[in-house]
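Remarks on the overall topology
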Amino acid sequence: MLRIEIKEGENIERALKRYKRKHRNVKVMQNLREKQYFTKPSVSRRRQIQKAEYIQGLRDAENI
């Protein structure tokens, strides 16, 4: 459960912004979407490898 302590005199918009940032960083919605359907372990490993290759390619292109 996320808790946001509102400081004395803090704007409610600022507190909502902090809440949204924490919510996004905890990845609550992403986990819910992932758990909606079963994915085979081999498929999830393949996705991780593809993601790592993609990121490595971006880093390599950046260093050139």
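Residues numbered from 1 in each chain as written. Predicted model: local features only at pLDDT ≥ 70, side-chain atom pairs only at ≥ 80, totals over all residues. Heavy atoms only, no water.

Under the convention used in this document: UniProt positions are given in the numbering used here, feature names are shortened, and annotations may be inferred rather than shown by experiment.
An unreviewed UniProt entry annotates the protein chain as Small ribosomal subunit protein bS21 originating from Olleya aquimaris. As its UniProt record puts it under Sequence similarities (unreviewed entry), the protein chain is described as follows: "Belongs to the bacterial ribosomal protein bS21 family."

**Observations regarding a nonpolar patch on the surface**
The line we're drawing: Without a salt bridge and with relative accessible area above 30%, a residue can belong to a patch; like charges are then joined within 9 Å and nonpolar side chains (Val, Leu, Ile, Met, Phe, Trp, Tyr) within 5 Å. Here the Shrake-Rupley method, with its probe set to 1.4 Å, supplies the accessible areas, and only the displayed protein chains count as covering residues. Just to be clear on terms, a salt bridge is a Lys or Arg side-chain nitrogen sitting within 4 Å of an Asp or Glu carboxyl oxygen. A run of H or I in DSSP becomes a helix once it reaches four residues, and a run of E becomes a strand once it reaches two; helices and strands are each numbered from the N terminus.
A cluster of nonpolar residues, Val26, Val28, Met29 and Leu32, forms a patch on the protein surface that exposes about 320 Å² of accessible area. Tracing the backbone through its elements, the reader meets valine 26 in helix H1 (residues 12-26).

**Looking at H1**
Just so we agree on the cut-off: Each residue after the first adds 1.5 Å to the expected span of a helix.
Here H1 is 15 residues long and its end C-alpha atoms lie 21 Å apart, about the 21 Å a rise of 1.5 Å per residue gives. Positive phi appears at lysine 27, one or two residues downstream of H1, with a value of about 65°.

**A few points about the layout of surface pockets**
Heads up, the rule is: Detection works on a 1 Å grid of protein atoms alone, calling trapped sets that fit a 1.4 Å probe cavities and calling open sets with protein on both sides within 12 Å along at least five of seven lines pockets, with lining residues defined by an atom within 4 Å of a point. Grid points are joined across faces, edges and corners, and a volume is the space filled by probe spheres set on the points. The nonpolar class holds Ala, Val, Leu, Ile, Met, Phe, Trp, Tyr, Cys and Pro. Asp, Glu, Lys and Arg form the charged class, and all remaining residues, Gly among them, are polar.
Volume-wise, the largest pocket comes out at about 340 Å³. The wall of the largest pocket is formed by Lys27, Gln30, Glu34, Lys35, Tyr37, Thr39, Ser44, Arg47, Gln48 and Lys51. Listed by contribution, the elements that provide at least two residues to the lining of the largest pocket are helix H2 (28-34) and helix H3 (41-63). With four residues, the single largest contributor to the lining of the largest pocket is H3. For the lining of the largest pocket, the per-class residue count stands at one nonpolar, four polar and five charged.

**Let's talk about the side chain of glutamate 10**
Filter applied, for reference: We define a polar contact as two N or O atoms separated by no more than 3.5 Å, with the added condition that, inside protein, one atom must be a possible hydrogen donor and the other a possible acceptor, whereas residues neighbouring each other in sequence contribute only through side-chain atom pairs.
Assignment of secondary structure puts glutamate 10 in the segment before H1. Here the side chain of glutamate 10 touches arginine 18 through a polar contact of 3.1 Å, side chain to side chain.

**Points about the pattern of salt bridges**
Tallied over the entire structure, the rule returns two salt bridges. The partner of glutamate 10 in a salt bridge is arginine 18, and the shortest N-O contact between them spans 3.1 Å.

**Structural notes on the environment of glycine 9**
Residue position: glycine 9 is located in the segment before H1. Taking the C-alpha atoms as reference points, glycine 9 and tyrosine 19, separated by ten residues in sequence, lie 17 Å from one another.

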